[in-house]
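Examining the three-dimensional arrangement
Residue strings, one per chain:
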Amino acid sequence: MTHRDATPSRGTSPDRTERELREALAALADGVHAAPDAYRTARGTWLRRERRRRLVLTVLVAVVFTLATLIGLWVLNQTPSDPGVIFSGAAATSMDSAAHHAASLPRPTP
């Protein structure tokens, strides 16, 4: 505690300061009058903002989902029209012969 804190100033006491502050705040509070429908107006404004937020979020999700679907369909549609190596006839005949040889091998007994 410093010297200035230990010595109270002249003419003021904690009780007097508290009383004057209380009177000033009471006078200020008496001058404030809320509108009768202030709560209803504030609540309506808040509900409108909440509905708008939810609507914007719903539209945003729908747009992102639609774009992702369209991009996916476009990418899948970009496949080449000619048959690839996997579906060529030469590979299929070699696979058939390999499957034929594998089918003719005897199975081990357990």
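Residues numbered from 1 in each chain as written. Predicted model: local features only at pLDDT ≥ 70, side-chain atom pairs only at ≥ 80, totals over all residues. Heavy atoms only, no water.

This part covers a nonpolar patch on the surface. Taken together, L55, V59, V63, L67, I71, W74 and V75 make up a surface patch of nonpolar side chains, about 700 Å² in accessible area. If you trace the backbone, V75 turns up in helix α3 (residues 38–77). A residue is classified by how much of its surface remains accessible, and V75, at 47% relative accessible area, is partly exposed. (Patch = residues over 30% accessible without salt bridge, like charges linked within 9 Å, V, L, I, M, F, W, Y side chains within 5 Å. Areas by Shrake-Rupley, 256 points an atom, 1.4 Å probe, with all protein chains shown as cover. Salt bridge = Lys/Arg side-chain N within 4 Å of Asp/Glu carboxyl O. Helix = DSSP H or I, 4+ residues; strand = E, 2+ residues; numbered from the N terminus. Buried < 20%, exposed > 50% of the residue type's maximum accessible area, 1.4 Å probe, protein only.)

Summed over all chains, the structure comprises five salt bridges. Where R22 meets E18, a salt bridge forms, and the shortest distance between an N and an O atom there is 2.7 Å. Here the residue R22 and the residue E18 both occupy positions in helix α2 (residues 14–30), the gap between them amounting to four residues, near one helical turn. R22 sits in the exposed class, given a relative accessible area of 51%. The salt bridge partner of R53 is E50, with a shortest N-O separation of 3.0 Å. You can see R53 and its partner E50 sitting in helix α3, three residues apart, about one turn around the helix.

Just geometry here; none of it tells us what the structure is for.
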